[in-house]
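Read off the chains here:
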Amino acid sequence: MNYWENIDTDLASLVKDGAVKLSPVSKFEWRKEVYEECMEEIGSKSYGENLNGNKNLIRHMEIKETLTPKLVKIAKEHFGLTVNQTDVYNVTRLVRPGDNSEGFRGHFDSHLFTLVTPINIPDVCSIQNGGQLYYFPKVRNLPNNEIKNIFQKAYYKRFNSASGFEKLGNSTKKSIDNFADYRPLLFVGKTTFHGNAPVQQTSNQNRMTILTHFFDPSHKYGIGALMRKLRNR
């Protein structure tokens, strides 16, 4: 089965809208295998980088062979960036029931593109507290230097609360995705402000997504590289 049979149409929407929903992964048997592998490796942590489960997702979805080269082309043609095709950063994100610390931590990604693949989504998917992703595509232009990037990131931290997300949504396009449809989301991470709602305490299920980040234009000296080094200490 060719997962990427609609890739050209999907990527046209990505360029136009800043974000696009892809075909569901719920029908693929490898999803359970990836979940179990990540759970075994991640331990008590909330984030796991380049786990075997991450790598298996890349392999099963043929991301390296199919998606990555096309994103390299978009980076060049639409953003004027020459990127390293191997600059792909994989993270498993695990939110356990009642983990409110992960709620409404809005941010821009340091990488140009972000793919969010749902692996295990709790049955509790209410708008208020099911771990939904709030995202605001094209809320800023691509910053042309790191100083501007840092100041803009600091400015948008003022919206890091439920009321802040609501306020920002009054002046710009807001989307909410609970991933109950198991359709991955691909978006321009550097221009999309985004963050998750907390997962309510009454849920007895973990919420797992795998984030695949493509191309950090400031990978050697930017704030994103610094944060990754701190997490790996």
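Residues numbered from 1 in each chain as written. Predicted model: local features only at pLDDT ≥ 70, side-chain atom pairs only at ≥ 80, totals over all residues. Heavy atoms only, no water.

1. Structural notes on the sheet that holds strand S1 (residues 19-21)
Stated formally: When DSSP finds two or more bridges between two strands, those strands count as paired. In this text, helices come from DSSP runs of H or I with a minimum length of four residues, and strands from runs of E with a minimum of two, each type numbered from the N-terminal end. An axis is simply a line fitted to the C-alpha atoms; with a helix, the fit covers only the stretch in contact. Between two such axes, the angle follows the N-to-C directions and lies from 0 to 180 degrees.
Strand order across the open sheet formed by 6 strands is S1-S7-S4-S9-S3-S2, with antiparallel pairing between neighbours. In this open sheet, the two strands that pair with only one neighbour each are S1 and strand S2 (47-49). This sheet shows a mean twist of 20° between the axes of neighbouring strands, independent of strand direction. For S1 and strand S7 (residues 185-188), the ladder comprises 3 bridges, and the chain directions are antiparallel. Residue pairing in the sheet places Lys21 in a bridge with Leu185 of S7.

2. Some points on the pairing of strand S8 (residues 193-196)
Rules: Buried residues are those whose accessible area, probed at 1.4 Å on protein chains only, stays under 20% of the maximum for their type, while exposed residues exceed 50% and partly exposed ones sit between those limits.
Along S8, one buried face is formed by Phe193 and Gly195 and the opposite face, lined by His194 and Asn196, is buried too. Pairing of strand S5 (residues 133-136) with S8, which is carried by 4 bridges, proceeds in the antiparallel orientation. Each residue of the ladder has a partner; that of Phe136, found in S8, is Phe193.

3. A look at unusual backbone geometry
One can expect most non-glycine residues to show negative phi and most peptide bonds to be in trans. In this structure, Glu62 takes a positive phi of about 55° despite not being glycine. Relative to the assigned elements, Glu62 resides in the loop between helix H3 (52-61) and helix H4 (63-79). Despite not being glycine, Phe215 has its phi angle at roughly 70°, a positive value. In this fold, Phe215 is placed in the loop between strand S9 (207-214) and helix H7 (223-231).

4. Structural notes on the side chain of Glu146
The test is simple: When charges are counted, Lys and Arg are positive and Asp and Glu negative, with His and the chain ends excluded. Salt bridges are counted wherever a side-chain nitrogen of Lys or Arg sits within 4 Å of a carboxyl oxygen of Asp or Glu. Side-chain atoms alone can form a polar contact between residues adjacent in sequence; in general such a contact is a pair of N or O atoms within 3.5 Å, and within protein one must be able to donate a hydrogen while the other accepts it.
Inspection of the secondary structure puts Glu146 in helix H5 (residues 146-156). Although Glu146 lies buried, it forms no salt bridge, and the closest oppositely charged side chain, Lys190, sits 5.2 Å away as judged by the N-O distance. Within the local environment of Glu146, its side chain forms a polar contact with the side chain of Ser218, the two groups lying 3.1 Å apart.

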